[in-house]
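# Architecture at a glance
Each chain, letter by letter, is given below.
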Amino acid sequence: TPPQCSTFGSRRWMALAAAFVALVGGATATSAPAKPPARPNIVVVLTDDQPYESLARMPYTNGRRDWIRFDNAFINNPICCPSRATLLTGLYSHHTGVESNFDGRRFDPSSTIATWLSSAGYRTGFAGKYLHGYPWGRGDGYRPPGWSRWLGFLRGGYFSYAANLNGRVRRFGARPKAYSTDVLARAARAFILRGRRPFFLMLAPTGPHPPETPAPRHAGRFNGTPVVQPPSFNEADVS
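Before going into details, it helps to say that this report is about the structure given with it.

## Observations concerning the sheet that holds strand β3 (residues 149-155)
Overall, mixed pairing links the 6 strands, which are arranged β1-β6-β2-β3-β4-β5 in an open sheet. Looking at strand neighbours, the two that pair on one side only are β1 (42-45) and β5 (168-172), the edges of this open sheet. Taking the axes of each pair of neighbouring strands and ignoring which way they run, one obtains an average angle of 20° across the sheet. One ladder, built from 4 bridges, connects β3 with strand β4 (residues 161-165); its direction is antiparallel. In the strand pairing of β4, L151 is matched with L165. The strands that helix α6 (residues 180-193) touches are β1, β2 (123-128), β3, β4, β5 and β6 (199-204); relative to β6, the one it contacts most, it runs at about 180°.

Given below as structure tokens:
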């Protein structure tokens, strides 16, 4: 990624990099052609309002040694809707126009990671929470461009919610089987197993956003577990 410089957009950096590659390629035209890189399958899991420290309570993700960790990452606008717009486009929030949680309707979905990978031959899937206010009066069946499979939440969160499933509205009740994270997990698994590769999947559950509703089978599991807070938490003197 380019250095943080708002006046020199990421697409210009891409063009500059492409020009550099072309120059290097021309200078080494007599060398053996490089083997085309494999096209990986990509899964992005985007949790909602999750404190970084809580990862210590997730042994599967926290305990693996073979994952790449980004230990020096920064966020341009640390609230939900702008962050989602940036993740989808690679642009700062003042470039997407989504600078608050009330600006979702200003988002332009015509050029996102979904449209780019779809054009490159990827199968693309989304499951979960998109941007705030979706579908912004465009009809409950509206599906943003670039997604070949779509399960986007319309209203609600953990139980008793509605979702757009590939253009059709589905309503979910309050039974344990309707717990939204489980519904999304089943949809994600089906997407991965039933279809050609390569694929790109974005899985965006509501959890653990307040009201932090657990699945019924998990309720009470951490009762009595102390919550360790940093010294800055509820600091009395913030002068």
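## Some words on a positive patch on the surface
Where like charges cluster on the molecular surface, the positive patch consists of R143, R149, R168, R170, R189 and R194. Examined against the element boundaries, R189 turns out to sit in helix α6. Judged by relative accessible area, which is 58%, R189 ranks as exposed.

## A word on the pairing of β6
Buried residues dominate β6, accounting for 6 of its 6 residues. By the alternation rule, side chains of β6 split into F199, L201 and L203 and F200, M202 and A204, which are all buried. Inspection of the sheet shows β1 paired to β6 by 4 bridges, in the parallel sense. In the strand pairing of β6, I42 is matched with F200. Bridge analysis of β2 against β6 gives 6 bridges, and the strand direction is parallel. When the sheet's bridge partners are listed, A127 is paired in β6 with L203.

## Details of unusual backbone geometry
Here the amide bond leading from R197 into P198 is cis, since omega sits at 5°, within 30 degrees of zero. Relative to the helices and strands, P198 resides in the loop between α6 and β6. Cis geometry is found at the peptide bond from G207 to P208, where omega equals -5°. If you check the backbone angles, N234 has positive phi at about 55° while not being a glycine. Assignment of secondary structure puts N234 in the segment after β6.

Scoring rules and cut-offs
Along each chain, the written sequence defines residue order, and numbers are assigned to residues from 1. Reporting of local features is limited, given that this is a predicted model, to residues whose pLDDT is at least 70; pairs of side-chain atoms are given and counted only at 80 or more, and all residues count toward the totals for whole chains, interfaces and linings. Computation of side-chain values: all heavy atoms of the structure, hydrogens and water removed. Being paired, for any two strands, means DSSP has found at least two bridges between them. By definition, any uninterrupted DSSP run of H or I lasting at least four residues is a helix, any uninterrupted run of E lasting at least two residues is a strand, and each is numbered from the N terminus. In this description, a line fitted to the C-alpha atoms serves as the axis of each element, helices being fitted only across the stretch in contact, and the angle between N-to-C directions of two axes falls anywhere from 0 to 180 degrees. The criterion used for residue contact is that any of the two residues' heavy atoms lie within 4.5 Å. Exposure above 30% relative accessible area and no salt bridge define the residues that can form patches, which grow by joining like charges within 9 Å and nonpolar side chains of Val, Leu, Ile, Met, Phe, Trp and Tyr within 5 Å. Working definition of accessibility: Shrake-Rupley area with a 1.4 Å probe, residue cover restricted to the visible protein chains. Salt bridge, as applied in this entry: a Lys or Arg side-chain nitrogen positioned within 4 Å of an Asp or Glu carboxyl oxygen. The positive count covers Lys and Arg only, the negative count covers Asp and Glu only, and His and the chain ends enter neither. Charge coordinates come from a single atom per side chain, which is NZ of Lys, CZ of Arg, CG of Asp or CD of Glu. Categorising residues by exposure relies on relative accessible area from a 1.4 Å probe, with only protein chains included: less than 20% of the type maximum marks a residue as buried, more than 50% marks it as exposed, and the intermediate range marks it as partly exposed.

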